[in-house]
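Descriptive analysis of the structure
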Amino acid sequence: MTSPSDPTVLWRMSRGRSTAHATIFPGDGQSTVTWFFDGVMDRAENYETLDLALARADQIRGILLKDGWKEA
């Protein structure tokens, strides 16, 4: 059974043998987005709204696409 506050992988990408993904942790009052590269958390950021967290994750996804990463 899932809950609206369960963490969710937003996207997965790869470049060569490297992998990346973003995960969102929705919450009351703030949401957290995290980025992982090759299974290691690179960064975690907290936002006041879910929309801001999703926009930031999409921004990072766009940067990776421009840098040669592909949707996995």
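Just above sits the structure.
First things first, this report covers the structure right here in the doc.

What counts, and where the lines are drawn
Residues numbered from 1 in each chain as written. Predicted model: local features only at pLDDT ≥ 70, side-chain atom pairs only at ≥ 80, totals over all residues. Heavy atoms only, no water. Patch = residues over 30% accessible without salt bridge, like charges linked within 9 Å, V, L, I, M, F, W, Y side chains within 5 Å. Areas by Shrake-Rupley, 256 points an atom, 1.4 Å probe, with all protein chains shown as cover. Salt bridge = Lys/Arg side-chain N within 4 Å of Asp/Glu carboxyl O. Helix = DSSP H or I, 4+ residues; strand = E, 2+ residues; numbered from the N terminus. Buried < 20%, exposed > 50% of the residue type's maximum accessible area, 1.4 Å probe, protein only.

Things to note about a nonpolar patch on the surface
- Residues L10, L50 and L54 make up a contiguous nonpolar surface patch of roughly 210 Å² in combined accessible area.
- Mapped onto the fold, L50 is located in helix α1 (residues 50-66).
- By relative accessible area, which is 37% here, L50 ends up partly exposed.

A word on the pattern of salt bridges
- Tallying each qualifying case throughout the model produces five salt bridges.
- A salt bridge links R56 to E45; the shortest N-O distance between them is 2.9 Å. Here the residue R56 occupies a position in helix α1, and E45 occupies one in strand β4 (residues 40-47), the gap between them amounting to 11 residues.
- In this structure, the salt-bridge partner of R61 is E71, at a minimum N-O distance of 2.7 Å. Within this pair, whereas R61 is found in helix α1, its partner E71 is found in strand β5 (residues 70-71), the two being separated by 10 residues in sequence.
- For R61, a relative accessible area of 25% gives the class partly exposed.

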